[in-house]
Each structure stands twice: as structure tokens, then as C-alpha cells.
Amino acid sequence: MFQIARPFYPLLLAATKGDPETAHRQVLQALQQLERRRNHSWGQSLLSQFEQSFCLRDPRLSQSLWGLNFANPLGLAAGCDKDGVAAGIWSHLGFGFAELGATTLHPQTGNPRPRLFRLPADQAALNRLGANNLGAVAMAETLKQNWQRQPRTIPIGINLCKSKITPLEAAAADYAGSFRLLQDWADYFAVNVSSPNTPGLRSLQAGEQLEPILAALQSENTKNKPILLKISPDLDWEAIAAIVTLAQNYQLAGVIATNTTIRRDGLKTQILAATGKDIREEAGGISGMPVRQRSTEVIRFIYQQTQGKLPIIGVGGIFTPEDAWEKIVAGASLLQIYTGWIYGGPWITKQILAGLLAKLAESNLSHLTEAVGKDL
């Protein structure tokens, strides 16, 4: 067990102490080396051990959406593997799909460090990374090499964000440029207009600014890739309803609910050790448990507004099978985790999936799709 878990030790340690960003980089470097050597005997052996320890397969958890087959509903959220360096490894860690990025057309270093913090008392993280990534050209080349070594076995999504250097009025061309470079290398795409860490980005959620972006992407979408919209938890109901209507008008495949929150109420953590400041004075988005309830409320609202006709990926504060079930019965067809994976370790995927099977049995349901929107 020590050898299997060893690549993840820096991440687990940083959940409570140490530098989270350095730990994150170390884990991705380890997974990247495994990705590049996956066809070597030791690589195959380690991946086999990963699957035995972290994966759970059961047909009751599988479903088909957008012509894609999902072996289970639990995916890796964007923000973890920004450049796709471990894209071929996530299926071996129990995920039914993975979303890479956020990716921008132009490479960017992001905001100054420190810019990633753990809030253990709140089971949360604060990040103001600023979409640091190598850019769409580098992502395309990385994924091309990955899929040449081993074709992907789970659906892979890419989260697209506007480059910081691109003016807001040129956002549509920026998103379309990234999509053009990457559409051959992923199965679906998420339009990120809801990160609080790119100046002005959230203003693009307004209909008059969002519409040109969606139009530009659909005009480039010659291969009919599913395009989803990732929204903020901090919008009011009227704004969410308007976005949902726009998503339907532009025939988007679904909505991802939600991104991080800029709200600070109710936090138990007061001082961030890396800066010595009160958390309420720190810029950035909060993920994890503080956003759990709000993201579920947004899921329920969208499901009701669309009568379940617009698929929803639920993300925010999933740590337990109960958290996952709550979002499914509220209307989410698929789920994503990231902060919960950091705190719970690589075993959390199997634990959540096993818990969902138990929930199905308790509810006398034969398949997970029967539970979607069940509490409405």
C-alpha cells in the first residue's frame, strides 16, 4: 500500500500543512512520469495496482450522454491537471471522466505566489492561481502524444478560459482559437466564464457578452463536440435563468454547476499561515465544503427550470457518498470532485462509488439514472 500511495503523499500532507502548490506540482510530476512510461513493465504493474485499489466498476453506475460512455458518474474537476500531463492516468484512479485545464489561447504564468491555500477547518481551498497554464498549443501537443501512447478510455473534457492579455471585447475570438486547436484531442469542452481569478471574466456571464462567445464556438464546432457552460455559484436566480435560456438557445450540451465562490461567510478558518492575513481579506475563490449547499441549490434550480432536459454536471463540496447522492437527486447526471480528492486521497473515488451503490439499494433503484432529480 505504501508504494501505491507514495505518489500522492505530498498532496495529502499539504491538505493540512506545507505548501499546497509545490505539493500539487510534485504529484502531477509523478503522474506525468507514469504517463510517459505507462507501456513499460513497471508502469503497467503500478497502473494495475492503482485500478485494484482505487477503481470500482458496476453497470448500475454507467450511462451514456452526448454519445459518450461514462463508466461511472464521478469525474475529476478542472483545475487539477491544467496542462493535461496526466490525462491518461485519471481512469486508473477510479474516475469516470476527467476535465483538463483551464486552458487559455496564450500561455500565462498566473498570479504571484502564494496563490493556493488550504483551509482544513472548513474542508476547503482558496485559490487565485489565475489560470496558469502552458497554452492551447502546448496542451494540444501533450494530448496528441498521450493518445498516441494509449487511446483514451474515459471521456476527456477541456475547460476553456479567456487569456488574461485578451481584452474582454475580443473574448469570443480567444475562446474560439483555443477550441480550434484542441477540438481533435478531447471529447467535450467547458466554457469557463465564472472563475473569479481572471480580471473581468465573470462579467462575460451577462447575456450580451456571453452570446458572441457561444456563437463563435458553435461556428467552429464542425465535429459536433459537446459544449457545456460552467457557471458561478454567486449569481442570483434571475441571472442563472437567463444563462440557462441562452444555453438552450445555442444548443449547448449542458451546464456545470458550479465554480468557486467569492463569499466568505461562515468560514471557521480565520488566519492563512502563508500570508498571516485574515481569510476575509484574501482574494480568490473558495472551493470545497463551503460551496456544497449552494451548488446543490443551483443544480436543483436548473433542473427545475429545464424540466431535466439540460444535463448538469454537479461540482462543489463532494466529500462523501451522501454529498454525491444529494447532488444527483437534485438533478445532476454527472459529478466532479477536486478539493474532496485532495483531502480524502485517491481512495475517495472508490468510497463514493461504493456509497452510491448502497444508496441505490436503499432506494430500491436499479440504476443511477433513475435517481437523477428524484427529490423534485
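Here goes a summary of the coordinates provided. (Residues numbered from 1 in each chain as written. Predicted model: local features only at pLDDT ≥ 70, side-chain atom pairs only at ≥ 80, totals over all residues. Heavy atoms only, no water.)

A few points about the overall build of the chain
Selection criterion: Helical segments are the DSSP runs of H or I of at least four residues, strand segments are the runs of E of at least two, and each set is numbered from the N terminus. Within these notes, the globule rule equals 2.2 Å times the number of residues to the 0.38 power, and the radius of gyration is based on C-alpha atoms. Here the term buried applies to any residue with accessible area under 20% of the maximum for its type, exposed to any over 50%, and partly exposed to those in between, with areas from a 1.4 Å probe on protein chains only. Only the protein chains shown count as cover for residues, with accessible areas throughout obtained via the Shrake-Rupley method and a probe of 1.4 Å. When charges are tallied, Lys and Arg are placed among the positive residues and Asp and Glu among the negative ones, while His and the ends of the chain are skipped. By convention, the point assigned to a charge is CZ for Arg, NZ for Lys, CD for Glu and CG for Asp.
For the chain, the helix and strand inventory stands at 12 helices and 15 strands. Taken against the 2.2 N^0.38 rule, which gives 21 Å for 376 residues, the C-alpha radius of gyration of the chain at 19 Å falls within 12% of a compact globule. Its C-alpha atoms give the chain principal-axis dimensions of roughly 55 × 50 × 45 Å. The buried share of the chain, taken over its 376 residues, is 61%. Taken as a whole, the chain presents about 14,900 Å² of accessible surface, with 51% of it coming from carbon and sulfur. Positive and negative charge centroids in the chain, built from 36 and 31 side chains respectively, lie 6 Å apart.

Examining the pattern of salt bridges
The line we're drawing: Throughout this description, the term salt bridge denotes a Lys or Arg side-chain nitrogen within 4 Å of a carboxyl oxygen of Asp or Glu.
By the definition in use, this model includes 17 salt bridges. In this structure, Glu326 engages Arg292 in a salt bridge whose closest nitrogen and oxygen atoms are separated by 2.7 Å. Of this pair, Glu326 sits in helix α10 (residues 321–330) while Arg292 is found in helix α9 (residues 292–306), placing the two residues 34 residues apart along the sequence. On the accessibility criterion, Arg292 (22% relative accessible area) is partly exposed. For the salt bridge of Glu297 with Arg294, the shortest nitrogen-to-oxygen distance reads 3.6 Å. Of this pair, Glu297 and Arg294 both sit in helix α9, three residues apart, which is roughly one turn of that helix. With a relative accessible area of 21%, Arg294 lands in the partly exposed category. Bridged by salt links that share partners, the residues Asp19, Glu21, Arg113 and Arg115 form one connected network.

Examining the sheet that holds strand β3 (residues 74–76)
Let me state the cut-off plainly: Paired strands are those between which DSSP finds at least two bridges. The axes used here are C-alpha line fits, helices contributing only the stretch in contact, and every angle between their N-to-C directions lies in the interval 0 to 180 degrees. Throughout, a residue-residue contact means that at least one pair of heavy atoms, one from each residue, lies within 4.5 Å.
Pairing in this closed barrel of eight strands is parallel, and the strands run β3-β4-β7-β8-β9-β10-β14-β15 around the ring. The mean angle between the axes of side-by-side strands here comes to 25°, regardless of whether they run parallel or antiparallel. For strand β7 (residues 156–161) and strand β8 (residues 188–192), the ladder comprises five bridges, and the chain directions are parallel. Within β8, the position partnered with Leu160 by the bridge is Val191. Relative to β7, helix α6 (residues 171–182) is tilted by about 155°, and along the sheet it contacts β4 (97–103), β7, β8 and β9 (227–231).

Thoughts on the pairing of β8
The condition is simple: Orienting the strands away from the viewer, one traces the path from the first strand over the helix to the second; a clockwise path indicates a right-handed crossover.
The element β8 is extensively covered by neighbouring structure, given that five of its five residues are classed as buried. On β8, burial covers both faces: Tyr188, Ala190 and Asn192 on one face and Phe189 and Val191 on the other are all buried. Handedness of the crossover is the feature at issue here: the chain leaves β7, passes through α6, returns alongside β8, and the resulting connection is right-handed. When β8 meets β9, the two strands line up parallel, connected through four bridges. Bridge pairing in β9 places Phe189 opposite Ile227. The handedness of the β8 to β9 crossover, carried by helix α7 (residues 207–220), is right-handed.

A word on the packing of helix α8 (residues 237–249) against α9
Applied cut-off: Angles are sorted into four bins: roughly parallel if under 35 degrees, roughly antiparallel if over 145, roughly perpendicular if 65 to 115, and oblique for all others. Should the near helix be turned counterclockwise from the far one by less than a right angle, the crossing is left-handed, whereas a clockwise turn marks it as right-handed. Note that Gly is not counted as nonpolar here; it falls among the polar residues with everything else outside the nonpolar set of Ala, Val, Leu, Ile, Met, Phe, Trp, Tyr, Cys and Pro and the charged set of Asp, Glu, Lys and Arg.
With their axes 11 Å apart at the nearest point, α8 and α9 run at an angle of 50° to one another. As summarised for this structure, α8 and α9 are arranged oblique, according to the angle between their axes. Along this stretch, α8 crosses α9, giving a crossing that reads as right-handed. Contact residues: α8 offers Trp237, Ile240, Ala241, Val244 and Gln248, while α9 offers Arg294, Glu297, Val298, Phe301, Ile302, Gln305 and Thr306. Each residue belonging to the contact of α8 with α9 can be placed in one class, and the counts come to seven nonpolar, three polar and two charged.

Focus: the sheet that holds strand β13 (residues 285–288)
The three strands are arranged β5-β6-β13 in an open sheet whose pairing can be described as antiparallel. Since the sheet does not close on itself, it has two edges, and those belong to β5 (116–119) and β13, each with one partner. Each adjacent strand pair in this sheet contributes to an overall mean axis angle of 25°, direction not counted. Note: strand β6 (residues 124–127) against β13, four bridges, orientation antiparallel. Residue pairing across strands places Ala124 opposite Gly288, the latter belonging to β13.

Remember, this is a structural readout, not a statement about activity or role.
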